[in-house]
Every structure is written in C-alpha cells, then in structure tokens.
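One-letter residues, chain by chain:
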Amino acid sequence: MITEVAVRTVELTKRYGGAAAPVVALRQVTLDVPRGQRVALLGKSGSGKSTLLNLLGGLDRPTSGGMSVAGRELDRLSSRELARFRAHAVGMIFQSFNLIASRTALENVELPMIFAGVPRRRRRAEAGRALEAVGLGARLDHRPAQLSGGESQRVAVARALVNRPEIVLADEPTGNLDSATAREVIALILDHVREHGATLILVTHDEELARECTDRVVRLKDGELCE
Amino acid sequence: MRVADMFALPVVALWQQKSRTVLTTLGVVFGAFVLAASLAINHGVQQTIDRESRRGDVLRRIDVRPRWGGQGPAKPAQEIVVKGKMSEAKRRRIHEALVAKQEAEKPGVFLTPEMLQKLAGLEHVQVVEPEASQFGEARFEDNREGLQINSARPDEKPYPQRIVAGRFFNDPAERGAVVSEVLLYRWGIADDEAVENVLGKKIRIAIKSYVQKPGLNVYLVKPVGVPASFDEGGLLSKVREQLPGVIDQLDLTPDERELLRQAAASKSADEEDEPEEYVEEYPIVGVLREPSADEEKERRWWESLGGSKGVVLPYQTAANLFFRVRANRERGVYNATLFIDREENVKSVFEQVRKLGLTGTAALEIIERERLIWSLVFGAMTCVATVAMLVAALGIANTMLMSVLERTREIGIMKAVGAAGRHVLFIFLVEGALIGLTGGGLGLLVAWALSSPAETWVRSLVNEEMRRNLSGAIFVFPPWLLATVMLFAVIVTTLAAVYPARRAATTDPVAALRHE
C-alpha cells in the first residue's frame, strides 16, 4: 500500500539575524508526515516548534532545505502562490487566537473565504455553519472582546477549518485555556481531521495531550528533530 | 479575492475608524473645495468676460484715430548729431530725446475721406464707420436748435429698439434723419398724432464751416467747458473775419501787430470761397425715445456730449455732411471704427492700420490683457488649491501610516489566512482613493452650495460698482470640472496612500502576528 505524504521536509534549516550573530531556529530537519496522520510536535520554548509550523504554513521561508506540503514545493512558490496555498491548503490555529478585534465572529470566520474568492452569500452561510459546528451559533455577531477565551479559540478553529484545509497546523491551541475548554477545542479539531481526512500537526508541550490525541509524537530540541 | 471584496474591506476598515476617517476626509474636502471654487470662478469669469466683451461685436472692432503730428519732415535718426564734450551715456540720452522730438515733428496722418477709403480696402475689413458726430443746428418748420448731430449704424444697438414712431435706418448712406421725441416736444409737437405726422417731413441740418479753419481763430469756452452755441459760433466767425481790419486799433507793439497780421493772413487760398455754413435737408424717418437705464450703459461715450435729445443721421450721411467743410476734409474725423470679418483677423488688420501711421485701440487686445491678468490670478488660486490638497495628502499619508502600524497584527492575520501582498496593497490604496472620492465629492458639494450666495454677492458688487447687470453665472460647474476635481482628489489621496500601502503589503506575517 502506497502512503501519500502530506508533509515532507528535507534538511530544513532556518536561521535568523545577520551573519555576525546568527540564531539557528531549525537545523536540518527532515520529516515525513503521511496524509491523515496526527502529529504532535513537542519541545520546550525556543526549540523551533513555532518556526517549523510557520514554515509549513507558508508564513515564512526556510534558509535552506526543501519542503513539500499538501503536494506543493513551498520553497519554490512565489509570494502570490504561497498566499493561495495559505488560503486553500492549510488552516492555522494560534495560541493567542489572532482574531481581528474590530470584526464580529462571523466576519472573522469569513476572512479566509474572502481571500479564497468565495462569493459573499455562500461565505456567510458557510461561516455561520462553521460557527454553529463549534457551538457558537448564537454568537455570530459578537466581537472577540465579547467572547470568552474558549469561545474566541473556537472562532479561531472555525476560521481555520472553514475552507476545509488538507493540513491543520495548531500552535499550542489550548495554551491559554482551562483544561475543560482545552478538551472541547481539541475535540473540535480532531472531529474535523477525522471527518475530512486532514493531516494535523499540533504543537504542544503537554505530553499527555500529545499521547492521547495524536498518532505520532515528534520532539524538537534546539532546532533539531529527535523523534 | 473578488473585486467587490476588494472595495468592501477598505470601506469596513474606514467605517471602523470613523473619527480618523472624518478628520482625514475634512482635509481633502477643504482642498477639493478650494480647487473646485477656483476652477468654477475661473471658468465663469472667462465666460463672463467673453460674453460681456462680445456684446455688440466689440471684439471684432478696431477704433482708429489719427496721429497728430508736427511740421515735418523728420530728420533720420542717424543724421542727428549731439555736439559737445560729454559722457557717452549723456550723449545717448540726449540723442534719444532729440530723435523722439523729431518723431513728434513728423507730419500727422489723418482720417480723411481718402484714408477712410484706404482702410475700407484693407483685407478682412467689412465696414469702416467714421465717427462724424458734430455740432450743428436743426431747423424744422419755424423751430431751430443748436445740438449734437449724432451718427449711427443702421443695426447699432440700442437705437432700433428705441424707435417709437417710424423706423430706424436701412442703409448707412440713406438720406434720412431720426429725431428725439424730447426735441419734438420742446418744439411743441407733443401729441402722439402730431409726432406721427412729423414722419416724412423734412428737417434741415446746418453746420458751420468756421471750425478748425487754418489761420487765426476765435473760440469761446464757457466756464464749465461748454462750447459756444450755434449762434455764438456764427458770431465768433464774424469776429474772426473782422480781426485783420482792427489789428491797428489794438494796444500792441508794431512787432506784435506784424506778427498778428501774418497769423491772420495765413488762410488757405480758397477759403474765401467757402460758405459760412452748409445746410442739408433730410426726411424724418423715425422718432426716438430716450434710452432706459440699461440702454444708457450701451451708449457710446460721445453721445453724452449733446445727449441723444437731438438728431441722428446714418453714419455715411453724417460723414458726407461733415466732409463738406474743407477743414474737416483736411483734418478728417477724430475716430473711425473698423469692423473686421473675424476675431482672429483683428490683430493683422490692426498691424496694417499702424503701418498706415494711424493709432487706435482694439478691444480684443484689452480683453486679452484682462484674460492674461485673470489667468495669472487663476494660476495663483490653483496653486493655493494644490497646496491645500497636498497638505491634505500629507495628512492622509501620515494617518494611513499610523493606521498601518496600528493594524500590523490585523495585516499579519489577513496574510496568515490567505491574503497576498497585492491584496493588502490594494486594500490600503482603495482606502486612500475612497477618502479622495468622498472628500472630493463633499468639497464639490460645499463649493456648489456656497457658490449661490457668493454669486449673489459678486453680482451686487458689480451692479453697485459698475451699474451693470451681468448675464450668465459667475461660478460655473461644467461636467469636466466635476470630473477634474474628483480625479485630482482621488489621484492625490491614492498617491498619498502608496507608501503606507507598500509598507503594509511587505509586512512580514510572522513578525506581524507577534506584534502587540
């Protein structure tokens, strides 16, 4: 049986700063993630987890090495193609929710569909459905400031999943939540992953959560992979 | 991203920052208002100048005057030598002064019948109207009155509309006269029927030949500058004739007597043959009422000399009478108006007139000077408007830059969920353009709204100062003006947004997402 690879990195390296004082965030990371697999990325703060996630999400470019995500060679894509990749292929969830404060829950969820070119009427309907799916059907017109932390993260989850991405990248999505809410949010993400056969890369430093919710645990230490 | 969303996102962003948007837009409103008002008044004033100056074909007219001269002939400049030991600068100054004096000594060029014919023969000249208004005496039945005999063109406004009985002239050389109803009233012809009965009857016009005769003349000027009456003029003519005979009785030295005798003797040889007065008979073809206040403004300056309460002759008929006097034939008329076929030929004809040695005035030249002055004023106003708009643009650039900084995280989020750099760039550019569009529109609206009271004020000012009612609007808003102001406002504000938009577009999403 041939297993399709959703994420592949080959000797991926990311360096910050100038030549005088370089900071190496990732050192020659090579990783294969088959389609549909749920991977937990564990490591201490500064180990390079978020950097790897940003590279996989097309938000940043590697210093060297190659990577293929959802069938696209990201290091070869133009800025415009990268933007299209972010709009269609990946859904990113952040620890700090990253919702636009001046927009309602519905408008925040609509945002990825705007850049994906979805017509307004369909967008509204799908954003509404996505929010209902995360239990916020009654909170469509609320702004982030009017929502609790758990509700805000559920809006962020709805936003990340609304375009039905092949890859879900979650950067400590439960870091700012109490354990009960955290479980609810993780359950929502896992439901989507199972339902759509998506691939999940979950950054966390919660070992228990990693073991319970993912198929595979990958560790990063000082930018190096130690599975 | 769909086009509708490219405009919807900026609208939402502007709406969410209402106070900032309003303040920024106010700057554009002011700039657009000044620009619109400046363009509107410039367009309106240019139109008004054209409209007012085209009343009565004034732009196609050249008023030609004789050049009064000296005894001549003038010495060529190179033959004038300044003698004596002096600096070169002084020699040059004196030489220039002597040359100028020689120029003034050149024989005069007069608007004689021959010269008028020459003018009529110039290319593009349609009509030559000699101004042959003169002082004379009107005699009708037992009535006689010294008055100004005016001349006019058959189509000259506002004469035809002032006719109350009969008609105005059909031809410039028609043998006919139009008389004032006031003159008839003074002569006791008051009833409407009596006025009607005057039509077709003959009026006799007499002019004295003593005016401007060469040699010794006797003049009477009354304290307020009023010239001698017709009878007084006749009397003075008799005194002039008798003067040579009484020179010996005057209290003068022998030399002074001799000088006076020579002066009195310097008559032209055939002067003796000239009758004292010339009288012509013309049928009365029409009766004129006095001009209304508005018509008064259309009147020609010389009409005020004798008022219009007199007699009017067609200009050629009046000139024929005028030129019967020998002195008038030699010295010509004081003014002749040339009517040119088209405005663009006025300058070339005027050039030819100057070459003939005559002087004059073309309204077109004056109007062009007025246009130039107004264009300079307009240029200055436009500069002020442009500066106002540029200041507004700086404000926009600053505000949008602040906005980009404040919305860094939002930009990062948009990029994280799929916005490309060009989307972000476009969003900010559209924000700038929308501010320009709104500000430009409101500026136009304010300019249009204020133009109404301003128009009333300017009109009252013109009426008060010049006793003139202007036709047409002074503030004009043609479609091109609306488009220009809107386009200018949108371009300026969009350009002002370029730098902030580029900064936003090139924002690193990872750094932006970390931005607090």
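Residues numbered from 1 in each chain as written. Chains lettered and ligands numbered in written order. Predicted model: local features only at pLDDT ≥ 70, side-chain atom pairs only at ≥ 80, totals over all residues.

A. Summary view of the overall build of chain B. Counting secondary structure elements, chain B contains 19 helices and eleven strands. Each of the 516 residues in chain B was classed as buried or not, and the buried ones make up 33%. At a minimum sequence separation of 6, the contacts of chain B that also span at least 24 residues come to 84%. (Helix = DSSP H or I, 4+ residues; strand = E, 2+ residues; numbered from the N terminus. Buried ≥ 20, exposed ≤ 12 C-beta atoms within 10 Å, placed from the backbone. Contact = placed C-beta atoms within 7 Å.)

B. Region of interest: the pairing of strand β10 (residues 336-340) of chain B. All names here are of chain B. Residues A336, L338 and I340 point to one face of β10 and are all buried, whereas T337 and F339, pointing to the other face, are not buried. As defined by bridge partners, strand β1 (residues 61-65) adjoins β10 across four bridges and the pair is classed as antiparallel. Bridge pairing links D63 to T337 in β10. Relative to β10, strand β2 (residues 125-130) is paired through five bridges, and the arrangement is antiparallel. By the bridge assignment for β10, V125 is matched with I340. (Pairing = 2+ DSSP bridges.)

C. Here's a closer look at the sheet that holds strand β5 (residues 72-73) of chain A. Residues and elements named next belong to chain A. With respect to topology, four strands assemble into an open sheet ordered β2-β1-β4-β5, the strand pairing being antiparallel. For this open sheet the edge positions go to β2 (23-34) and β5, each flanked by a neighbour on one side alone. In this sheet, strand β4 (residues 64-69) lies alongside strand β1 (residues 5-16) in antiparallel orientation, the contact comprising five bridges. What sits directly across from T9, in β4, is M67.

D. Expanded view of the confidence of the model for chain B. Residues and elements named next belong to chain B. Looking at chain B, pLDDT values average 85 and 91% of them are 70 or higher. Taken element by element, chain B is modelled with least confidence in helix α11 (residues 303-306), mean pLDDT 44, and with most confidence in helix α4 (residues 113-120), mean pLDDT 95. In the model, residues 302-307 has pLDDT below 50 throughout and makes seven contacts with residues more than four positions away in sequence or in other chains. Confidence estimates for the predicted assembly give a pTM of 0.64 and an ipTM of 0.90. (pLDDT = per-residue confidence, 0-100.)

E. Expanded view of the nonpolar core. Among the nonpolar cores identified, the biggest contains 126 residues, and A:L41, A:L131, A:V157, A:I167, A:V168, A:I201 and B:A36 are the most heavily contacted of them. If we skip the residues at most four places from it in the chain, A:L41 touches A:K49, A:L52, A:I201, A:L202, A:V203, A:V218 and A:L220. The next biggest cluster of nonpolar side chains, apart from the first, holds 53 residues, and it includes B:L184, B:L288, B:V311 and B:V325. (Core = buried A, V, L, I, M, F, W, Y, C linked by C-beta atoms within 7 Å.)

F. Seen up close, unusual backbone geometry. Residues and elements named next belong to chain A. Its identity is not glycine, yet E11 carries a phi of approximately 45°, on the positive side. With respect to the helices and strands, the residue E11 is situated in strand β1. One non-glycine residue, A70, lies in the positive phi region at around 50°.

G. Main features of the packing of helix α15 (residues 363-406) of chain B against helix α18 (residues 479-505) of chain B. Residues and elements named next belong to chain B. Across the interface, α15 lies against α18 with an axial gap of 9 Å and an inter-helix angle of 30°. By the angle class used here, α15 and α18 are roughly parallel. Considering how the two elements wind past one another, α15 and α18 form a crossing that is right-handed. Between α15 and α18, the residues in contact are M389, A393, I396, A397, M400, L401 and V404 and F488, A489, V492, T493, L495, A496, A497, Y499, P500, R503 and A504, respectively. A class-by-class count of the residues in the contact of α15 with α18 yields 16 nonpolar, one polar and one charged. (Axes fitted to C-alpha atoms, helices over the stretch in contact; angles between N-to-C directions. Parallel < 35°, antiparallel > 145°, perpendicular 65-115°, else oblique. Left-handed = near helix turned anticlockwise from the far one by under 90°. Nonpolar A, V, L, I, M, F, W, Y, C, P; charged D, E, K, R; others polar.)

H. Highlighting the interface of chain B and chain A. Counting from both sides, the interface comprises 17 residues of chain B and, opposite them, 20 residues of chain A. Looking at the side of chain B that touches chain A, the elements with two or more residues in it are α1 (3-16), α16 (408-416), α17 (421-466) and α19 (509-514) of chain B. Looking at the side of chain B that touches chain A, the element that brings in the most residues is α16(B), giving four residues. Of the residues in the side of chain B that touches chain A, the class split is ten nonpolar, four polar and three charged.

I. Examining the sheet that holds strand β6 (residues 90-93) of chain A more closely. Residues and elements named next belong to chain A. One open sheet holds the six strands; their spatial order is β6-β7-β8-β3-β9-β10, and the pairing between them is mixed. Of all the strands in the sheet, the pair left with one neighbour each is β6 and β10 (224-225). Sheet topology places strand β3 (residues 38-42) next to strand β8 (residues 199-204); five bridges connect them, and they run parallel. Considered in β8, the bridge of V39 is made with I201. Contacts from helix α1 (residues 49-56) reach β3, β7 (167-171), β8 and β9 (216-221), with the element oriented near 155° to β8.

J. How the structure looks around the packing of helix α4 (residues 120-133) of chain A against helix α5 (residues 149-161) of chain A. All names here are of chain A. Interaxial distance between α4 and α5 falls to 9 Å at its minimum, and their mutual angle equals 130°. Viewed along their axes, α4 and α5 adopt a mutual orientation that is oblique. Considering how the two elements wind past one another, α4 and α5 form a crossing that is right-handed. Listed contacts from α5 to A130, L131 and A133 of α4 are V155, A158 and L161. Considered class by class, the residues forming the contact of α4 with α5 number six nonpolar, no polar and no charged.

K. How the structure looks around the pairing of β4(A). All names here are of chain A. Strand direction decides the pairing type here: β4 and β5, joined by two bridges, are antiparallel. Looking at the pairing, V69 lines up with R72 of β5. The hairpin formed by β4 and β5 contains two residues between the paired strands, and A70 there has a positive phi angle of roughly 50°.

L. Molecular detail of α15(B). Between its first and last C-alpha atoms α15(B) spans 63 Å; for 44 residues at 1.5 Å apiece the expected length is 64 Å, and the two agree. Turning to α15(B), its buried residues are B:L364, B:A385, B:A388, B:M389, B:A392, B:A393, B:I396, B:T399, B:M400, B:S403 and B:V404. (Expected span 1.5 Å × (residues − 1).)

M. View of the environment of B:V11. Considering the arrangement of structural elements, one finds B:V11 in helix α1. Each C-alpha atom, one on B:V11 and one on B:L434, is 7.8 Å from the other, the two residues being 423 residues apart in sequence.

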